[in-house]
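Survey of secondary and tertiary structure
Chain by chain, the residues:
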Amino acid sequence: MVDDRLSRVFSALADPIRRDMVARLASGDATVNELAEPYPVTVQAVSKHLRVLEEAGLVTRGRQAQRRPVHLEAEVFDLMTKWIERYRREAEQRYQRLDAVLAELAEPEQTRAEGEAS
């Protein structure tokens with residue numbers, strides 16, 4: 001079964017607004033109001049999106065005096081990267097095996113073509 005945390009992370013990133021928020025947080029912390037600025041949704045809707053990201057472990061909320069900045073937890077991307085890399089390697093191995101089979105199939109055709117050219 002797929003790791004539950006990994007499922008929550010991918011589910012949280014399924015929404016385009018949440019993916020955009022993560023991309024924006026990659027350049028630095030921001031408040032809820034700052035994150036809400038470019039979206040045609042209410043601050044409450046943005047807070048709900050942030051709650052989903054927080055439950056998935058992608059962001060945390062801090063406290064700096066009167067400010068409550070949202071912080072991207074980059075370590076979660078290591079979990080995703082490891083999962084993706086595993087399947088990328090498996091796909092790469094399949095392609096290498098396919099290349100070898102195709103090369104073997106092409107050899108008799110090359111031999112036959114060389115024999116006809118003589």
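Once that is clear, we can look at the nonpolar core. If you look at the biggest cluster of nonpolar residues, it comprises 22 residues, and the most contacted ones within it are Val46, Leu50, Leu53 and Leu58. For this core, the elements supplying multiple residues, two or more each, are helix H1 (4-12), helix H2 (16-25), helix H3 (32-36), helix H4 (43-55), strand S2 (70-72) and helix H5 (75-117). Among all residues touching Leu50, those that are not within four sequence positions of it are Met21, Val32, Leu35, Val59, Arg61 and Val70.

Attention now moves to a nonpolar patch on the surface. On the surface, Tyr95, Leu98, Val101, Leu102 and Leu105 cluster together to form a nonpolar patch covering roughly 500 Å² of accessible area. On the secondary structure map, Leu102 appears in helix H5. Since its relative accessible area comes to 45%, Leu102 is described here as partly exposed.

The subject of this paragraph is the confidence of the model for the protein. When the pLDDT values of the protein are averaged, the result is 88; 87% of them are 70 or greater. Averaged pLDDT values for the elements of the protein fall to 85 in H5 and rise to 96 in H2.

The next thing to look at is the pattern of salt bridges. Throughout the structure, instances matching the rule amount to five salt bridges. With a closest N to O distance of 2.6 Å, Arg8 and Asp4 form a salt bridge. On the criterion of helical spacing, the pair formed by Arg8 and Asp4 is a turn pair, its members being four residues apart in helix H1. A relative accessible area of 47% places Asp4 in the partly exposed class. Arg88 is the salt-bridge partner of Glu85, the closest N and O atoms lying 2.6 Å from each other. Here Arg88 and Glu85 lie together in helix H5, a separation of three residues that amounts to about one turn. Here Glu85 falls in the partly exposed class, since its relative accessible area comes to 27%.

End to end, H4 covers 18 Å across 13 residues, agreeing with the expected 18 Å (1.5 Å per residue, within 8%). Every buried residue belonging to H4 is among Val46, Ser47, His49, Leu50 and Leu53, and all of these are buried. Along H4, the residues classed as buried sweep out an arc of 160° about the axis, all on the same side. Away from the buried face of H4 by more than 90 degrees, exposed residues Gln44, Lys48 and Glu55 are located. Here the buried face of H4 lies against H1, H2, H3, strand S1 (59-61) and S2. Phi turns positive one or two residues past the end of H4, at Gly57, with a value near 85°.

So, about the environment of His49. Mapped onto the elements of the fold, His49 is located in helix H4. In sequence terms His49 and Asp15 are 34 residues apart; their C-alpha atoms lie 8.8 Å from each other. Look past the residues within four positions of His49 in its chain and what remains in contact with it is Asp15, Ile17, Arg18 and Met21.

Definitions and limits used
- Residues numbered from 1 in each chain as written.
- Predicted model: local features only at pLDDT ≥ 70, side-chain atom pairs only at ≥ 80, totals over all residues.
- Heavy atoms only, no water.
- Core = buried A, V, L, I, M, F, W, Y, C linked by side-chain atoms within 4.5 Å.
- Buried < 20%, exposed > 50% of the residue type's maximum accessible area, 1.4 Å probe, protein only.
- Helix = DSSP H or I, 4+ residues; strand = E, 2+ residues; numbered from the N terminus.
- Contact = heavy atoms within 4.5 Å.
- Patch = residues over 30% accessible without salt bridge, like charges linked within 9 Å, V, L, I, M, F, W, Y side chains within 5 Å.
- Areas by Shrake-Rupley, 256 points an atom, 1.4 Å probe, with all protein chains shown as cover.
- Salt bridge = Lys/Arg side-chain N within 4 Å of Asp/Glu carboxyl O.
- pLDDT = per-residue confidence, 0-100.
- Expected span 1.5 Å × (residues − 1).
- Arc of directions from axis to C-beta.

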